[in-house]
Amino acid sequence: MATLELKGVEKFFDATQVIHDMNLSVADGELVVFVGPSGCGKSTLLRMIAGLETLSSGEIHIDGQRVDYQPPSNRGIAMVFQSYALYPHKDVRGNLGFSLKHDKVEKSEIDRRVNIAADILGLQELMSRKPRELSGGQRQRVAIGRAIVREPKVFLFDEPLSNLDAALRVHMRVEILKLHQRLKNTMIYVTHDQVEAMTLADRIVVFRAGKVEQIGTPLELYRTPANRFVAGFIGSPAMNFLDAHCKSGSVTLNGEAVCHSAHPDGSMTLGVRPEHLRVDQQGPFQGKVQVFEHLGGEAFVHLSLADGQSMVAKLDGEHQFRPGDACRLGIAADKCHVFDADGLRIAS
Ligand code: ADP
Ligand code: MG
C-alpha cells in the first residue's frame with residue numbers, strides 16, 4: 001500500500017518533448033487511469049514510474065520516498081504489459097514464481113505467494129501448462145499473477161486488455177475491478193479506451209500530446225468536461241458539437257432557442273450528448289433522418305439539420321425511422337454544454 005507522487009516530471013526524446021510538467025498525487029489504494037489517444041505519452045510516463053525510462057526533469061515519490069534515481073527492483077512496483085511477456089518454455093507455475101526465484105526468495109515463500117495468486121486468478125488447474133497451451137485471457141491472468149506475487153506497493157498496467165477480443169475484455173475488466181477491491185493496492189492503469197477508463201477509475205487523468213487536459217472522477221469528466229477535447233473523448237457515442245450562436249445569454253441554432261449561457265454574444269460551440277436527446281415535437285433540433293441504426297434495445301438516429309450540420313441521437317428501441325423522415329429532437333437545457341472559440345467550457 002502506498003501513495004505515488006509526480007512532481008514536475010518531464011521527458012524529452014532528443015529534442016522532442018513527450019511529457020510536459022506532469023504533477024499528480026495518487027492516494028493510497030486509489031485506482032487512477034491514464035487515458036488518451038495513441039502516442040500521447042501514457043506508456044512513457046508509466047515506464048518512467050516503473051524505472052524503465054529515465055526522467056529529463058522532475059521527481060517521483062512512492063510512499064514518501066524519492067525513487068526516480070532507484071532501479072526498478074527497488075521501487076516496490078510491478079508492471080503488467082500489453083504483450084504479456086511470458087516465458088514460453090516455463091509452465092504457469094514457473095512463470096508466476098520466476099521473478100521471486102531470481103530475487104532469491106525462499107522456496108516455501110515462493111510457493112505460498114504463487115498459490116495465493118493462482119487462487120485469486122483461478123489458475124490452479126493450469127499450473128503445469130505452457131503459455132502456448134493457454135487462451136489469450138488465461139495468458140493475461142498469468143501476467144497479472146506475476147505482478148501479484150511481487151506484493152508490490154503500486155501496480156502499473158499498460159493496456160493489459162488490448163489484445164483480447166471484445167467479450168473477454170469486458171470480462172477481464174470486471175476481474176481487474178474485483179482484484180482491486182480485494183487487494184486494495186494503489187494502481188495506475190493505462191488505456192486508450194474511454195469505456196475502460198470510465199468503468200475502472202477512481203480518478204481519470206486525460207492526456208493529450210504529453211499534457212494533462214483534465215483530472216477528475218469519471219462522472220466529473222462526463223458531466224463537466226473542461227474543454228472540447230475531454231468532452232469528445234469521454235462518452236460513447238461521442239458528444240455532438242454544433243456551431244451555434246449566443247445573443248443576450250440565449251443560445252440559438254437555426255433560429256431555435258436551445259439553452260441559456262454566460263457566453264458573450266457571437267459564435268460558440270454547443271455540445272450535446274446523443275443519450276440526452278429525445279423525440280420532442282417542440283424541440284429545437286429539426287432535420288431529416290439520414291441513417292437509422294437499430295440495435296434492439298436502443299437505436300441511433302443520424303439527423304441532418306436545416307443548415308447542413310449533422311448530429312446523432314441515441315433513442316430507446318421503441319422508435320422507428322426511415323431515411324428521409326422528418327425528425328424533431330429536444331434536450332433538457334441543463335444537459336447542454338457550451339464551449340468558446342478556444343474549446344474551453346463556459347459554465348452556465
Ligand atoms: P502512448 O503510450 O500514449 O501511445 P508513448 O508513450 O508510447 O504513447 O509515446 C509517446 C511519444 O513518444 C510518441 O510520439 C512516441 O513515438 C515517442 N517515443 C516513445 N518511445 C520513444 C523512444 N524510445 N525514442 C523516441 N521516441 C519515443
Ligand atoms: Mg502505450
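Structure: see above.
These numbers were taken from a predicted model, which means no experiment stands behind them. (Residues numbered from 1 in each chain as written. Chains lettered and ligands numbered in written order. Predicted model: local features only at pLDDT ≥ 70, side-chain atom pairs only at ≥ 80, totals over all residues. Heavy atoms only, no water.)

A. Fine view of the site of ligand 1. The full set of residues close to ligand 1 is Phe13, Val18, Pro37, Ser38, Gly39, Cys40, Gly41, Lys42, Ser43 and Thr44. One of the side-chain nitrogen or oxygen atoms of Thr44 is found 2.6 Å away from an oxygen atom of ligand 1. Of the residues forming the shell around ligand 1, the biggest block, 3 residues, is contributed by helix H1 (residues 42-50). (Near = heavy atom within 4 Å. Polar contact = N/O pair within 3.5 Å; in protein donor to acceptor, adjacent residues only side chain to side chain. Helix = DSSP H or I, 4+ residues; strand = E, 2+ residues; numbered from the N terminus.)

B. Highlighting the side chain of Asp340. Summarising the element assignment, Asp340 is placed in the segment after strand S20 (337-339). Here Asp340 occupies a buried position and makes no salt bridge, while the nearest side chain of opposite charge, Arg228, is found at 9.2 Å. In contact with Asp340, other than residues within four places in its own chain, are His263 and Ile346. (Buried < 20%, exposed > 50% of the residue type's maximum accessible area, 1.4 Å probe, protein only. Lys, Arg positive; Asp, Glu negative; His and termini not counted. Salt bridge = Lys/Arg side-chain N within 4 Å of Asp/Glu carboxyl O. Contact = heavy atoms within 4.5 Å.)

C. Just helix H4 (residues 136-148), in detail. With 13 residues, H4 extends 19 Å from end C-alpha to end C-alpha; this agrees with the ideal 18 Å at 1.5 Å per step. Of all 13 residues that make up H4, 10 are buried, and the element is covered over most of its length. Looking at the buried side of H4, the elements it contacts are strand S6 (77-80), helix H2 (92-102), helix H3 (107-121), strand S7 (154-158) and helix H5 (166-183). (Expected span 1.5 Å × (residues − 1).)

D. Examining the nonpolar core more closely. The biggest cluster of nonpolar side chains holds 46 residues, and the ones touching the most others in it are Val33, Leu123, Ile144, Ile148 and Tyr189. Element by element, the count of residues in this core is highest for H3, at 6 residues. Residue contacts for Tyr189: discarding those within four places in its chain leaves Leu31, Val32, Val33, Phe34, Phe157, Pro160, Leu161, Ile176, Glu196 and Leu200. In this structure, Ile62, Val154, Val190 and Val205 belong to the second largest nonpolar core, which totals 29 residues. (Core = buried A, V, L, I, M, F, W, Y, C linked by side-chain atoms within 4.5 Å.)

E. Main features of unusual backbone geometry. At the junction of Ser236 and Pro237, the peptide bond is cis and its omega measures out at -5° in the coordinates. Tracing the sequence through the fold places Pro237 in the loop between helix H8 (228-233) and strand S11 (240-247). The residue Lys184 is not glycine, and still its phi comes out positive at about 55°. When you line up the elements, Lys184 lands in the loop between H5 and strand S8 (186-191). Even without a glycine there, the phi angle at Asn254 is positive, about 50°. With a relative accessible area of 38%, Asn254 lands in the partly exposed category.

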